[in-house]
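Structure at a glance
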Amino acid sequence: MADSVLLKVKRSLLIPDSETYADGEINILINACKELISSTGVSKGVVDESEIALTLIFIYCKTFFGFKSDGTVKELPSSFYTILNQLAISRGE
C-alpha cells in the first residue's frame, strides 16, 4: 500500500513515476501525516485505507514538499484541519 500512496502523491505533485530523486522526502511527509492523523484517535486501518486520509496526505505533502528552510514557516491550510477533525470525529476509536 505504501508504494501506491507514494505513486499517488508523486502524481499529485506532478512528479513522473520514474523519477525517484524525492522519494525519501515524500515518504517522510507521508509518514508524518499518517502519524498526525493517528494522533487524533483514527485507527491505523482507516489511516491506511480511507480516501479522506489520502486527501489529507495530499494536502500535507503539497504544503511541505520542496519547502526551503529560509526562516519562514508554512502553515497547513485550514481545510486540512477541518477535514482532519471530521475524520477524527467520524472514524476515531
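From a predicted model like this one, the values you see are computed outputs, not experimental measurements. (Residues numbered from 1 in each chain as written. Predicted model: local features only at pLDDT ≥ 70, side-chain atom pairs only at ≥ 80, totals over all residues. Heavy atoms only, no water.)

**With respect to the nonpolar core**
For clarity, the cut-off: Only buried residues count toward a nonpolar core. Its members are Ala, Val, Leu, Ile, Met, Phe, Trp, Tyr and Cys residues joined through side-chain atoms within 4.5 Å. When a residue's accessible area, from a 1.4 Å probe over protein chains only, is under 20% of the maximum for its type it is buried; when over 50% it is exposed; and in between it is partly exposed. Helix numbers and strand numbers start at the N terminus; a helix is a DSSP run of H or I with at least 4 residues, a strand a run of E with at least 2. Whether two residues are in contact is decided by their heavy atoms, any of which lying within 4.5 Å being enough.
Counting 26 residues, the largest nonpolar core has Val 9, Ile 26, Ile 30, Ile 37 and Phe 80 as the members making the most contacts within it. Elements with a minimum of two residues in this core: helix 1 (2–12), helix 2 (23–38), helix 3 (44–49), helix 4 (51–64) and helix 5 (78–91). Per-element accounting of this core gives the leading share, seven residues, to helix 4. The residues touching Phe 80, leaving out its near neighbours within four places in the chain, are Cys 33, Leu 36, Leu 56, Ile 59 and Tyr 60.

**Some details on the pattern of salt bridges**
The line we're drawing: When a carboxyl oxygen of Asp or Glu is within 4 Å of a side-chain nitrogen of Lys or Arg, the pair counts as a salt bridge.
Inspection of the entire model under this criterion finds four salt bridges. Between Asp 23 and Lys 10 there is a salt bridge, with its nearest N and O atoms 3.0 Å apart. Here the residue Asp 23 occupies a position in helix 2, and Lys 10 occupies one in helix 1, the gap between them amounting to 13 residues. A single burial state applies to Asp 23 and to Lys 10, both of which are buried. Of the charged contacts, one joins Lys 44 and Asp 48 as a salt bridge, the two residues approaching to 2.5 Å between their closest N and O atoms. With a gap of four residues between them, Lys 44 and Asp 48 both fall in helix 3, about one helical turn apart. A single network of salt bridges, built from pairs that share partners, joins Lys 34, Lys 44 and Asp 48.

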